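Summary of structural features
Okay, here's what each chain looks like letter by letter:
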Amino acid sequence: MTEAIAYAYTSPTTGATRTTLERRATGPDDVNISIDYCGLCHSDIHTVRGEWGEIPYPMTPGHEIVGTVQEVGENVSDFSVGDRVGVGCIVDSCRECESCQDGFENYCEGTGMVGTYNGVDLRHDGEITQGGYSTSIVVDKRYVLSVPESLDPAAAAPLLCAGITTYSPLRHWGVRKGDAVGVIGLGGLGHMGVKLAKAMGATVTVFTTSESKVDAAKELGADRVVISKDENAMEEAQSSLNLILDTVAASHDLNPYLATLKRDGVLVQLGLPEDEMPPINPGLMIPRRRSYAGSMIGGIPATQDMLDFCAEHNITADVEVIKGDYLDQAYQRMMDSDVKYRFVLDLTEEK
């Protein structure tokens, strides 16, 4: 066992506390990682506050991890001490079901994927996993990713969640040069969707409710920005898009966006609203064979592909780097949508 410095939460309301936690000894198939940076994801807030179910406190969140290998097990050959590596949302799965065998560990049908934090680690006595707001983590080699050295490590951290969450559907639905992609919302997920779709050669339309985000969307590369509250602007956008990434995690009416899809277009839900969504009008779907789908992060092979793609195209997240004593303020600012576009926790001085 080794001891790590960590930032933990002991209740939904008490905020972050600097503490220590025990990491397991490095097993034969393990990679022991010294964590340098960890992105802050909005799902961290939902989990900390118990909005997605009961939480066994104390809990250390964080699933956008970039660090350096400090020890490897005897069966590990793909990673060496000193390598820059990453860990995303998954640290284990059943490894045997059809989804795991196909490289879609995020859709594991056996035990279900084991989350990097607040997951039940059945291979290690049912321990509750603790995440990346800490100075180290030990992860099975199957779930460790190689982070290209050309990427800034702090700005690369959010790629492990926000990056793969948007990359995966773009790849799955075969976006290519000349396609028209829409992105609903311009937060952590949305800004990555714009960058990745543009790098794939698509023209990109950003839908936002805020006039203040028009210039920001264009700076990221958006070809068109539509204020979704403007009925005339939404009407002008009808039947113009092949694929839409919906990154909004609040309840909203999908029907106006479905109307902007071409024949065989797909709207993919990435944001997970807490409340029920207004019903979809089948009359918008049937005449043009439109589809509504969902997508959740990505498997390990797709995540590695995404990192390599980002290195090839020099893509990282736009980040604001913080220290541990700023976590509570960062959470509040995230709730207020006051960040462009992702906070990243710097752990380099904690060791």
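Look a little higher up for the structure.
Rules of the game
- Residues numbered from 1 in each chain as written.
- Predicted model: local features only at pLDDT ≥ 70, side-chain atom pairs only at ≥ 80, totals over all residues.
- Heavy atoms only, no water.
- Axes fitted to C-alpha atoms, helices over the stretch in contact; angles between N-to-C directions.
- Helix = DSSP H or I, 4+ residues; strand = E, 2+ residues; numbered from the N terminus.
- Parallel < 35°, antiparallel > 145°, perpendicular 65-115°, else oblique.
- Contact = heavy atoms within 4.5 Å.
- Pairing = 2+ DSSP bridges.
- Core = buried A, V, L, I, M, F, W, Y, C linked by side-chain atoms within 4.5 Å.
- Buried < 20%, exposed > 50% of the residue type's maximum accessible area, 1.4 Å probe, protein only.
- Phe/Tyr/Trp six-rings, centres within 6.5 Å; stacked < 30°, edge-to-face > 60°.
- Salt bridge = Lys/Arg side-chain N within 4 Å of Asp/Glu carboxyl O.
- Expected span 1.5 Å × (residues − 1).

**Quick look at the packing of helix α4 (residues 162–172) against helix α10 (residues 300–313)**
It is at 10 Å that the axes of α4 and α10 come closest, and there the two elements cross at 100 degrees. In terms of axis orientation, α4 runs roughly perpendicular to α10. Every residue of α10 that contacts α4 at Gly 163, Ile 164, Tyr 167 and Arg 171 is listed here: Ala 302, Thr 303, Asp 305, Met 306 and Phe 309.

**Description of the pairing of strand β2 (residues 16–23)**
Across eight bridges, the pairing between strand β1 (residues 2–9) and β2 is antiparallel. Each bridged residue has a counterpart across the sheet, and for Ile 5 the counterpart in β2 is Thr 20. From the end of β1 to the start of β2, which pair antiparallel, there are six residues, and Gly 15 there has a positive phi angle of about 80 degrees.

**Regarding the nonpolar core**
Side chains that are nonpolar tend, in soluble globular proteins, to be buried together. Formed by 87 residues in total, the largest nonpolar core has its most connected members in Leu 40, Tyr 133, Leu 159, Leu 170, Leu 186, Leu 196 and Tyr 331. Once residues within four sequence positions are removed from consideration, Leu 186 is found in contact with His 191, Val 194, Val 206, Lys 213, Ala 216, Ala 217, Leu 220 and Tyr 341.

**Quick word on α4**
Taken across its eleven residues, α4 has nine buried, putting it largely inside the fold. Of the residues making up α4, those classed as buried are Ala 162, Gly 163, Ile 164, Thr 165, Thr 166, Tyr 167, Ser 168, Pro 169 and Leu 170. Contact partners of the buried residues in α4: β12 (180–184), α5 (188–199), β15 (241–246), β16 (261–269), α10 and β19 (342–346).

**Re the packing of aromatic side chains**
Within this structure, the stated rule accounts for four aromatic pairs. For the pair Tyr 167 and Phe 309, a centre-to-centre distance of 5.6 Å together with 55 degrees between the ring planes defines the contact as tilted. With Tyr 167 in helix α4 and Phe 309 in helix α10, the pair connects residues that are 142 residues apart, well separated along the chain. Each of the two residues, Tyr 167 as well as Phe 309, counts as buried.

**Some words on the side chain of Thr 316**
Note on placement: Thr 316 falls in the loop between α10 and β18 (319–322). Contacts of Thr 316, omitting those with residues within four sequence positions, involve Leu 151, Asp 152, Ala 155, Ala 156, Leu 159, Met 192 and Lys 195.

**Details of the pattern of salt bridges**
The final tally for this structure, using the stated rule, is 19 salt bridges. For Lys 323, the salt bridge is made with Glu 349, and the minimal N-O distance between the two is 3.4 Å. Residue Lys 323 is found in the loop between β18 and α11 (327–335), and its partner Glu 349 is found in the segment after β19; the two are separated by 26 residues along the sequence. Owing to a relative accessible area of 32%, Lys 323 belongs among the partly exposed residues under this scheme. Where salt bridges share partners, they join Asp 92, Arg 95, Arg 123, Asp 140 and Arg 142 into one cluster.

**Notes on unusual backbone geometry**
Across the chain, the bulk of peptide bonds are trans and the bulk of non-glycine residues have phi less than zero. A cis amide bond links Tyr 57 to the next residue, Pro 58, at an omega of 0 degrees. With respect to the element layout, Pro 58 can be found in the loop between α1 (42–48) and β4 (65–72). Positive phi is not limited to glycine here, since Asp 264 has a value of about 65 degrees. Residue position: Asp 264 is located in strand β16.

**Let's talk about α10**
With 14 residues, α10 should cover 20 Å at 1.5 Å per step; its first-to-last C-alpha distance of 20 Å lies within 8% of that length. The secondary structure elements touched by the buried residues of α10 are β11 (145–146), α4 and α5. Positive phi appears at Asn 314, one or two residues downstream of α10, with a value of about 55 degrees.

Note that all results are geometric; they support no functional claim without further evidence.
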